[in-house]
Amino acid sequence: MKFFIDTANLDQIKEAYDLGILDGVTTNPSLMAKEGITGEANIIAHYKAICDIVDDNVSAEVIATTFNEMIAEGEMLAALNPKIVVKVPMIKDGIKAIRYFSSKGIRTNCTLIFSAGQAILAAKAGASYISPFLGRLDDISTDGLKLIEEIRLIFDNYAYPTEILAASIRGPLHIIACAKLGADVITAPLPAITALLKHPLTDSGLATFLADHARASGL
């Protein structure tokens, strides 16, 4: 399973990359605004800075919502760096744009997926990734993990090459559950990823080892 970090914060991206487990980055307008990145020129420069850190898979989201505007914006983003994956919303013109981008060899990430039907349409259009939003479904008392399970079954039934990118991850248990269900990718905030490092028995075991070593060494 691939690990992406869901942020526009360069320090957090570097920290995740330095762990040696980072496969990509997802961003969106909200995450850019959270870092104070506004204006087209600054946003483009920020995408380039992210590409300088990671090896591949930088999802850059189009703001446009009409076909022609999405094509123009997506082609501009894709031209910034081969690592860019154009992030397109799950709307009618978005599906058309994904088909166009696919025909041109431009990778895409269809975002804001909330149903198996939406996932099928995106895969049929040729999306490289589809992003079901688990946490947002959980927020409205719907089982987000059940959606991952449904999409995995459907994609396996028809050998769709589209990868399932589980998004809106709330914590480490979501990550583990997605791995069990066969999600190809998870994208999560840094704290959710680093929480996988933690276990009280690891902490207590290490403390015991160090204490025993100190006694054996006469320290």
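All residue numbers refer to position in the chain's written sequence, counted from 1. Only residues with pLDDT of 70 or above have their local features reported here, since the model is predicted, and side-chain atom pairs are shown and tallied only from 80 upward, although totals for entire chains, interfaces and linings are computed over all residues. Note that water and hydrogens are dropped before the side-chain values are worked out from all heavy atoms of the structure.

So, a nonpolar patch on the surface
Condition: Patch membership needs two things, relative accessible area over 30% and no salt bridge, and members are linked within 9 Å if like-charged or within 5 Å if nonpolar (Val, Leu, Ile, Met, Phe, Trp, Tyr). Surface accessibility in these figures is a Shrake-Rupley result with a 1.4 Å probe; residues are shielded only by whichever protein chains are displayed. A pair is scored as a salt bridge if a Lys or Arg side-chain nitrogen falls within 4 Å of a carboxyl oxygen belonging to Asp or Glu. Only DSSP runs of H or I with at least four residues qualify as helices, and only runs of E with at least two residues qualify as strands; both kinds are numbered from the N terminus onward. Each residue is assigned to one of three classes by its accessible area relative to the maximum for its type, calculated with a 1.4 Å probe on protein chains only: buried under 20%, partly exposed between the two thresholds, exposed over 50%.
Taken together, the side chains of Leu19, Ile21 and Leu197 define a hydrophobic patch exposed on the protein surface, amounting to about 260 Å² of accessible area. Along the chain, Leu19 falls in the loop between helix 1 (10–18) and strand 2 (24–26). For Leu19, a relative accessible area of 40% puts it in the partly exposed group.

So, the pattern of salt bridges
Under the defined criterion, the tally for this structure stands at 9 salt bridges. Of the charged contacts in the structure, one is a salt bridge between Asp56 and Arg107, with a shortest N-O distance of 2.9 Å. Of the two residues, Asp56 sits in the loop between helix 3 (40–53) and strand 3 (58–61) while Arg107 sits in the loop between helix 5 (92–103) and strand 5 (108–113), which places them 51 residues apart along the sequence. Residue classification places Asp56 among the partly exposed positions, given a relative accessible area of 27%. Its relative accessible area of 25% is what places Arg107 among the partly exposed residues.

Remarks on the sheet that holds strand 2
The cut-off we apply is this: In this description, strands pair whenever DSSP reports at least two bridges between them. Here an axis means a line fitted to C-alpha atoms, over the contact stretch when the element is a helix, while the angle between two N-to-C directions is reported on a 0 to 180 degree scale. Pairs of residues are marked as contacts when any of their non-hydrogen atoms sit within 4.5 Å.
Taken together, the 8 strands give a closed barrel; going around it, the order is 1-2-3-4-5-6-7-8, and neighbouring strands pair in parallel fashion. Pairwise comparison of adjacent strand axes, ignoring direction, gives a mean angle of 30 degrees for this sheet. Against the sheet, helix 6 (residues 116–125) makes contact with strand 5 and strand 6 (129–132), and its axis sits at roughly 165 degrees relative to strand 5, the strand it touches most.

Observations concerning helix 11 (residues 200–216)
Formally: Helix span is expected to be 1.5 Å times the residue number reduced by one.
Here helix 11 is 17 residues long and its end C-alpha atoms lie 24 Å apart, about the 24 Å a rise of 1.5 Å per residue gives. Gly218 occupies a position one or two residues after helix 11 and carries a positive phi of about 70 degrees.

Some thoughts on a negative patch on the surface
Cut-off, in case you're wondering: The charge count includes Lys and Arg as positive and Asp and Glu as negative, but it does not include His or the ends of the chains. One atom stands in for each charge, and that atom is NZ of Lys, CZ of Arg, CG of Asp or CD of Glu.
On the surface, Asp11, Glu15, Asp18 and Glu35 cluster together into a patch of negative charge. On the secondary structure map, Asp18 appears in helix 1.

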